[in-house]
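Below, each chain spelled out in residue letters.
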Amino acid sequence: MLALQGGVAEHAAMLRGLGAEPVLVRTPEHLAGLDALVLPGGESSTMDRLLRLFGLREPLRAAVLGGLPTLGTCAGLILLAAAIEDPAPGQRGLEVLDVTVARNAFGPQAASEETVLAWGEERAPVRAAFIRAPVVTRTGPGVAVLARHRGQVVAVASGSVLGISFHPELTGETAVHERLLALAAGRRAAAA
Ligand code: GLN
């Protein structure tokens with residue numbers, strides 16, 4: 001888990017509950033030997049600044065582009081995106097997921113809400129909390145849409161990268177993290 005800022009503890013608890021051992025990533029050295037990566041929610045422009053301050057932008061980019069199964073939630077999705085419609089001054093994410101995102105896209109009224117979405121190929125119900133959430137406004141080739149909310153794309157997958165606008169870790173929803181851990185298990189099996 002990237003642990004510079006944001007909702008780290010909730011993701012760590014969720015992963016522990018699913019039998020994984022969370023590792024807090026604060027330096028490039030912490031990336032060694034990971035099976036998967038979570039970029040939590042928080043404030044994307046702050047995380048973006050801290051990434052560069054801690055020398056993590058390039059090593060993280062390389063890890064994700066190298067196939068490390070990765071989940072970005074909310075601000076984490078913004079960090080993954082190739083382009084941000086309305087970046088904070090100087091904000092530039094990892095540019096590893098071929099989507100464009102718009103920040104705080106549901107406006108102040110619908111800024112925070114809890115709902116049930118149809119998720120993934122099976123359109124299974126997932127409980128989702130939105131907090132000043134971004135939406136995906138463009139998906140590149142090879143990017144699959146996993147869920148929509150109010151007609152807008154709020155979850156995508158591309159190769160081993162998952163990007164979602166909402167917070168499953170706040171509703172106790174395990175489906176998203178289970179998908180990440182399944183990607184990690186698949187990668188480990190392929191390497192064995
Ligand atoms: N609006 C925040 C941002 O731009 C994201 C909010 C969140 O992660 N809950 O980073």
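This section reports on the structure supplied with the text. Note that the coordinates shown come from a computational prediction; the quantities given were computed from them, not determined experimentally.

### Digging into the overall build of the protein chain
Scanning the protein chain from terminus to terminus reveals 5 helices and 10 strands. Its C-alpha atoms give the protein chain a radius of gyration of 15 Å, within 12% of the compact-globule value 16 Å for 192 residues. Partitioning the contacts of the protein chain with sequence separation of at least 6, the portion at a separation of at least 24 is 65%.

### Some words on the nonpolar core
Leu80, Ala81, Val101 and Val156 are the most contacted members of the largest nonpolar core, which totals 57 residues. Setting aside its immediate chain neighbours within four residues, Val101 contacts Leu77, Ile78, Ala81, Ile84, Glu85, Pro134, Val135, Val136 and Thr137.

### Details of unusual backbone geometry
Non-glycine residue Cys74 carries a positive phi angle of around 55°. Inspection of the secondary structure puts Cys74 in the loop between strand E2 (70-73) and helix H4 (75-80). Even without being glycine, Arg123 reaches a positive phi, approximately 50°. Tracing the backbone through its elements, the reader meets Arg123 in the loop between strand E5 (112-119) and strand E6 (124-131).

### Some words on the environment of Glu169
Residue placement: Glu169 occurs in the loop between strand E10 (161-164) and helix H5 (175-191). A residue is classified by how many C-beta atoms lie within 10 Å of it, and Glu169, with 24 of them, is buried. Residues Glu169 and Ala184, spaced 15 residues apart in sequence, show a C-alpha to C-alpha distance of 18 Å.

### Observations concerning the environment of Ala3
In this fold, Ala3 is placed in the segment before helix H1 (8-17). In this structure Ala3 comes out as partly exposed when scored by C-beta crowding, with 17 C-beta atoms within 10 Å. Taking the C-alpha atoms as reference points, Ala3 and Gly55, 52 residues apart in sequence, are found 14 Å from one another. Discounting residues that sit within four places of it in the chain, Ala3 has contacts with Val8, Leu24, Val25 and Arg26.

Reading guide: rules and limits
- Residues numbered from 1 in each chain as written.
- Predicted model: local features only at pLDDT ≥ 70, side-chain atom pairs only at ≥ 80, totals over all residues.
- Helix = DSSP H or I, 4+ residues; strand = E, 2+ residues; numbered from the N terminus.
- Rg over C-alpha atoms; globule rule 2.2 N^0.38 Å.
- Contact = placed C-beta atoms within 7 Å.
- Core = buried A, V, L, I, M, F, W, Y, C linked by C-beta atoms within 7 Å.
- Buried ≥ 20, exposed ≤ 12 C-beta atoms within 10 Å, placed from the backbone.

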